[in-house]
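# Examination of the molecular architecture
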Amino acid sequence: MKKINAETLPLGIDPVKVAKKLTIPVQGRTIIFDDEDLDLAVFMDFLFHEFRVGGRRPIDCCDAGQMGRSPDERNLLEAHRVARTSLFEVIDCDPKPRD
């Protein structure tokens, strides 16, 4: 994670701006996660796969070869590069249990 952050830092990504775009609460420069595991996962997926600065996603700026990654790690990074995320808002649900 540190190497990915170092690679994406020059993009000038503001994590608070990313959180606000996802309607995650923010107080000043502090991001407030209601459910740290879930909110953090959504935040990181959106940040690396969807959020763009100058038309580029952070995941596109990571060069696995220059980062000294193993072949497996390079394959994983490439899989992330071509992956797409989906985020849905549930507005209603059926309270009846299914049989």
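Residues numbered from 1 in each chain as written. Predicted model: local features only at pLDDT ≥ 70, side-chain atom pairs only at ≥ 80, totals over all residues. Heavy atoms only, no water.

Time to look at unusual backbone geometry. In this structure, T23 is a non-glycine residue whose phi angle is positive, near 60°. Structurally, the position occupied by T23 is in the loop between α2 (15–21) and β1 (26–27). (Helix = DSSP H or I, 4+ residues; strand = E, 2+ residues; numbered from the N terminus.)

Any aromatic ring pair is given by two values, namely how distant the centres are and how the planes are angled relative to each other. Summed over all chains, the structure comprises two aromatic pairs. On the numbers, 6.0 Å between centres and 75° between planes, the contact of F33 with F43 is edge-to-face. Separated by ten residues along the polypeptide, F33 in the loop between β2 (30–31) and α3 (36–49) and F43 in helix α3 bring together distant segments of the chain. The exposure class assigned to F33 is partly exposed, which follows from its relative accessible area of 24%. Owing to a relative accessible area of 6%, F43 belongs among the buried residues under this scheme. (Phe/Tyr/Trp six-rings, centres within 6.5 Å; stacked < 30°, edge-to-face > 60°. Buried < 20%, exposed > 50% of the residue type's maximum accessible area, 1.4 Å probe, protein only.)

Shape is all these values report; function is a separate question.
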